[in-house]
Amino acid sequence: MYKIKKETPHKQIMQPDGGKSVQTVFHVSEELMPGDDSYEKLVNISKNENVFHHIAALTDIHSKKGRKNPTGSVVATEKAIMPQLNDSAPNCGMRMIKTPFSKEDLTEEKIDCLFRELAKAVPTKTFLGSFLDLRTILDISAKGVSPLLDKIGKDKAELDNILLRGNMFGKQEIGDEDLFQALPKLFFRIAQARLGILGAAGNHFLDLLLVEDILDKPKAEKLGLSKDQYVMLMHTGSGMFGQYASYFYMPKKKEHLSQKMVYGLGRKMFLKNNADWHKRLKYDLPQYEEKDEFFTIEEGSELAKNFMVAHNAAANHGFANRALLQTKIEEAVEKTLGWKKNLPVVYDMSHISIMKEKHFDKNVWVHRNGSVRAFGPERMRGVKIYEETGEPIFVPSSMSTPAYLGAATDENESTFFSAPHGTGKAKDKTSEVPENRKQLIEKMQKRKVRLYNGSSKGIIHQDASHYKNIEPAIEGMKENKVMKPVAKMRPIAVLMA
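All figures in this text were calculated on a predicted structure; none of them were measured in a lab. (Residues numbered from 1 in each chain as written. Predicted model: local features only at pLDDT ≥ 70, side-chain atom pairs only at ≥ 80, totals over all residues. Heavy atoms only, no water.)

S.K.: Outline the pattern of salt bridges, listing residues and values.
M.R.: Across all of its chains, the model carries 32 salt bridges by this definition. Of the charged contacts, one joins Asp139 and Arg135 as a salt bridge, the two residues approaching to 3.0 Å between their closest N and O atoms. Here Asp139 and its partner Arg135 are both found in helix H3 (residues 134-143), four residues apart, which amounts to about one turn of the helix. We note a salt bridge from Lys443 to Asp463, for which the minimum N-O separation is 2.8 Å. Note that Lys443 is positioned in helix H13 (residues 437-446) and Asp463 in the loop between strand E18 (450-453) and helix H14 (470-479), a separation of 20 residues in sequence. (Salt bridge = Lys/Arg side-chain N within 4 Å of Asp/Glu carboxyl O. Helix = DSSP H or I, 4+ residues; strand = E, 2+ residues; numbered from the N terminus.)

Shown next, in the form of structure tokens:
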């Protein structure tokens, strides 16, 4: 049914489906290819006249219910933005944190003590996080994580280790009027109590990892990593503010009653009939919820301008959320292990984003959905450390499997200089499947990994059996020059909702 040609052991190409379709390049081996539903969605995207050059499918390519584009994809567009190419979580992303502790420093008892404290200090399933005044929320929205660090009195050195220094607007000046023109004030009010939460989504986590092998010593030294060192990897997003900001411009079915209520109230308070772009959101957007066609925003339009303000403001909350959570982690480390200094950041990276970049000699909108920007040293010129290593890439553990840290290369044009954010859900189960939480804990204990919290009903679906094997995934990333592996790590303790 689908015309797929094997180009190399780790690259497959799905040929255009006639007309103006573009090809889809799968940067994976045959065993890691997705199910038919992903092919169907990618073929549908390939026919859109705005899609540029080709579609890049990465290691973690797989479909999610209710999404029109598979996770683990990169789609570039010309002259238009297509919000439905991304999930409704701007700057869901990951942050890796270095600790000063080695294998000899932490006993099992000390790790258990730390994670019991973290389970109390790092909230997962809650409606209320750390309350912040409205001024700080607006400043975070417009200027990124820097105003938060000022507010909590934290050293701003970590800005050097965050994508775009923690501000998706870059050098663009954004004021309160820009924010209030793009989104209802109600959303900013709700955001006051929604930062500092790991999240109830089953795949959000805080892992303690032990560096078992250094695979590229010069790059590891530049990034401050050594064998037998403990690091933490955090995965979380922009909270409910990010969800509401996305839903406002995206015709996607609302998954929870609270989302429907807040979204509906925000639309009623905000949308008027005296602006054309308001009319498009009010009348046109809802019609695309069930259509195969995509809701498209023309580049340079008033709607495009306000969409990008909303998108980037929401993304800034992702950086702020992880920064605020790190302060809670540092407090727990001080309380249980006595370390009083800040913990250095290896990198903080978004894996849901829309950015204007130059590829194949054209300036295009790059929609990364469950994929990260992966600029090699050349594209990172002028950014200290990373101009020597390339951007760090995290391939996390699936609860009880190995994890990898890699560095981006300059030879990765085929993916629009992108990398996967994990191995992705597997078509077929890759190990014994636990049927309940007790069996999951037993399986993890056999693999010498401790689970903390993990009380959500969906926790068993995050088990390693549901995810692709990491070793062939890493081999494919090496062959396709997506990254150079720097360190291999194994999970020791996992905190999840």
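S.K.: With reference to specific residues and values, describe the nonpolar core.
M.R.: Within the largest apolar cluster, 101 residues are counted, with the highest numbers of intra-cluster contacts made by Leu183, Phe248, Tyr249, Leu281 and Leu405. Here this core gets 13 residues from one element, more than from any other, and that element is helix H11 (residues 302-337). (Core = buried A, V, L, I, M, F, W, Y, C linked by side-chain atoms within 4.5 Å. Buried < 20%, exposed > 50% of the residue type's maximum accessible area, 1.4 Å probe, protein only.)

S.K.: Lay out unusual backbone geometry in plain terms, naming residues and giving numbers.
M.R.: Positive phi is not limited to glycine here, since Phe360 has a value of about 50°. Along the chain, Phe360 turns up in the loop between strand E12 (352-359) and strand E13 (362-369). Note on Phe360: relative accessible area 24%, which makes it partly exposed. Notably, Lys448 is not glycine yet its phi reads approximately 65°, a positive angle.

S.K.: Describe the packing of aromatic side chains, listing the residues and the values that go with them.
M.R.: One pass over the full model with this rule turns up 17 aromatic pairs. Ring geometry for Tyr2 and Tyr39: centres 5.2 Å apart, planes at 45°, overall tilted. Note that Tyr2 is positioned in the segment before strand E1 (4-8) and Tyr39 in helix H1 (residues 36-46), a separation of 37 residues in sequence. You can call Tyr39 buried: its relative accessible area is 8%. With a centroid separation of 5.6 Å and an interplanar angle of 70°, the aromatic rings of Tyr288 and Phe295 are classed as edge-to-face. Since its relative accessible area comes to 0%, Phe295 is described here as buried. The ring centre of Phe294 lies 4.3 Å from the NZ or CZ of Lys68, which sits over that ring. It is Arg379 that lies over the ring of Phe375; its NZ or CZ is 5.2 Å from the centre. (Phe/Tyr/Trp six-rings, centres within 6.5 Å; stacked < 30°, edge-to-face > 60°. Lys NZ or Arg CZ within 6 Å of the ring centre and 35° of its normal.)

S.K.: So what about the sheet that holds E13? Which residues, and what values?
M.R.: Here seven strands make up an open sheet; going across it, the order is E1-E2-E3-E4-E5-E13-E12 and the pairing mixed. Because the sheet does not close on itself, it has two edges, and the strands there are E1 and E12. On average, each strand axis in the sheet is tilted by 20° relative to the strand beside it, whichever way the strands run. The sheet strands contacting H1 are E1, strand E2 (11-14), strand E3 (24-26), strand E4 (51-62) and strand E5 (71-77), and the helix crosses E4 at an angle near 165°. (Pairing = 2+ DSSP bridges. Axes fitted to C-alpha atoms, helices over the stretch in contact; angles between N-to-C directions. Contact = heavy atoms within 4.5 Å.)

S.K.: I'd love a proper account of the side chain of Thr296, names of residues and values included.
M.R.: Mapped onto the elements of the fold, Thr296 is located in the loop between helix H10 (276-284) and strand E10 (297-298). Looking at Thr296, its side chain comes within polar contact range of the main-chain oxygen of Phe294, at 3.2 Å. Ignoring sequence-local partners within four residues, the contact set of Thr296 consists of Asn50, Ala80, Ile81, Met82 and Arg280. (Polar contact = N/O pair within 3.5 Å; in protein donor to acceptor, adjacent residues only side chain to side chain.)

S.K.: Break down the packing of helix H8 (residues 239-247) against H11 for me, with residues and values.
M.R.: Between H8 and H11, the least distance of the axes is 8 Å, while the angle of their chain directions is 165°. Comparing the axis directions of H8 and H11 gives the class roughly antiparallel. Between H8 and H11 the crossing geometry is left-handed. Contacts from Phe241, Gly242 and Ala245 in H8 reach Ala310, Ala313, Ala314 and His317 in H11. (Parallel < 35°, antiparallel > 145°, perpendicular 65-115°, else oblique. Left-handed = near helix turned anticlockwise from the far one by under 90°.)

S.K.: Just give me the short version of the packing of H3 against H11, but keep the residues and values in it.
M.R.: Interhelical geometry of H3 versus H11 gives an angle of 110° and a closest axis separation of 7 Å. Judged on the interaxial angle alone, H11 and H3 are roughly perpendicular. Contact residues: H3 offers Ile137, Ile140, Ser141, Ala142 and Lys143, while H11 offers Asn312, Ala313, Asn316, His317 and Ala320. Grouping the constituent residues of the contact of H3 with H11 by class yields five nonpolar, four polar and one charged. (Nonpolar A, V, L, I, M, F, W, Y, C, P; charged D, E, K, R; others polar.)

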